[in-house]
Every structure is written in structure tokens, then in C-alpha cells.
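# Per-entry structural report
So you can see what is in the structure, the chains are spelled out below.
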Amino acid sequence: MALHRLASVTMGVPNTDATRAYYTDFGLGPEGDGWFTTRDGGRQLRVVDAPTRRLIEIVVGADDPDDLSAAALLHQTRRPRRPDDRKPQRLMNKVIHSAAEAVADIGDGA
């Protein structure tokens, strides 16, 4: 199985304005809808409103549908949600004991 890169992280915070200001001061480039970019990696961090600080979603990049199929086999007891069982582009599952979503995604690597 080849999951190759951390594609993005979405985190929820109670004070989005202060958190966004922190990451802007840290050097990330703010974009619309709470997204922040890095110079080399593109859109990697998203800050959204939540009642407590928590992980909302983590996206791990894969290179092709075979990689996603291999990852799905590891989670046979929890049926992954895939848009197309023949050529999946995205594999999604809830993180156990959490409201967070874990995603393996075929993307451009940016």
C-alpha cells in the first residue's frame, strides 16, 4: 500500500480569527474559506469554526486507485465510502473514537 504524502489538515477552533492571524504571522498564505497555503505545498491547512479545538479531517495522498483499494482492504470491517468501486478516487472513513474524518485521496501531489 502506498499512501505517499500528507495532503491537508482541517482543524476546528473556537476562535477562528485569532488562529488564522497566528498562522498568517507564522508565514502561511491565507486563502478563502479558511484555507492556508505554503510556498511549496499549496493548500494544506484549513481552519474552521468548532466549539473546541479538534481535528476535523486529515487527507493523505495516494498515487492511484490501486493504492486506495489496498488501503480499503485493511478496513474491511468498516465499509469505506467510495464514489466508484471500480476506480476509486477517494477513500473516506471516520476516525475511531473521534468525529474526525480520515481521507486517502488521489491528487496532483501539490
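Residues numbered from 1 in each chain as written. Predicted model: local features only at pLDDT ≥ 70, side-chain atom pairs only at ≥ 80, totals over all residues. Heavy atoms only, no water.

### What to know about the confidence of the model for the protein
When pLDDT is averaged across the protein, the result is 75; 58% of the residues are at 70 or more. Of all helices and strands in the protein, the one with the weakest mean pLDDT is strand 6 (residues 90–94) (56), whereas helix 1 (residues 16–26) scores best (96). Segment residues 80–87: pLDDT under 50, and 17 contacts once partners within four positions in sequence are set aside and those in other chains are kept. (pLDDT = per-residue confidence, 0-100. Helix = DSSP H or I, 4+ residues; strand = E, 2+ residues; numbered from the N terminus. Contact = heavy atoms within 4.5 Å.)

### Quick look at the pairing of strand 4 (residues 42–49)
Looking at chain direction, strand 3 (residues 35–38) and strand 4 are connected through four bridges and run antiparallel. What sits directly across from Thr37, in strand 4, is Arg43. Connecting the antiparallel pair strand 3 and strand 4 is a turn made up of three residues. (Pairing = 2+ DSSP bridges.)

### Some words on the packing of aromatic side chains
Under the defined criterion, the tally for this structure stands at three aromatic pairs. Between Tyr22 and Tyr23, the aromatic rings sit 5.0 Å apart at their centres with planes inclined by 85°, giving edge-to-face as the arrangement. Members of the aromatic cluster, each reached through a chain of ring pairs, are Tyr22, Tyr23, Phe26 and Phe36. (Phe/Tyr/Trp six-rings, centres within 6.5 Å; stacked < 30°, edge-to-face > 60°.)

### Concerning helix 1
For helix 1, the set of buried residues is Thr16, Thr19 and Tyr23. For helix 1, the arc enclosing every buried residue in end-on projection is 70°, short of the 170-degree limit, so these residues lie on one face. Pointing more than 90 degrees away from the buried face of helix 1 are the exposed residues Asp17 and Asp25. Following helix 1 by one or two positions, Gly27 has its phi on the positive side, about 120°. (Buried < 20%, exposed > 50% of the residue type's maximum accessible area, 1.4 Å probe, protein only. Arc of directions from axis to C-beta.)

### Some words on the pairing of strand 3
Sheet topology places strand 2 (residues 29–30) next to strand 3; two bridges connect them, and they run antiparallel. Bridge pairing links Gly29 to Thr37 in strand 3. Count of turn residues in the strand 2/strand 3 antiparallel hairpin: four residues, of which Asp33 carries a positive phi of about 60°.

### Description of the side chain of Ser8
With respect to the element layout, Ser8 can be found in strand 1 (residues 3–13). Ignoring sequence-local partners within four residues, the contact set of Ser8 consists of Trp35, Arg43, Gln44, Glu57, Ile58 and Val59.

### Focus on the side chain of Thr19
Assignment of secondary structure puts Thr19 in helix 1. Accessibility expressed as a relative area gives 11% for Thr19, which makes it buried.

### With respect to the environment of Arg43
Along the chain, the position of Arg43 falls in strand 4. When the C-alpha positions of Arg43 and Leu28 are compared, they lie 9.6 Å apart, and in sequence the two are 15 residues distant. Leaving out residues up to four positions away in the same chain, Arg43 has contacts with Ala7, Ser8, Glu31, Trp35, Phe36 and Thr37.

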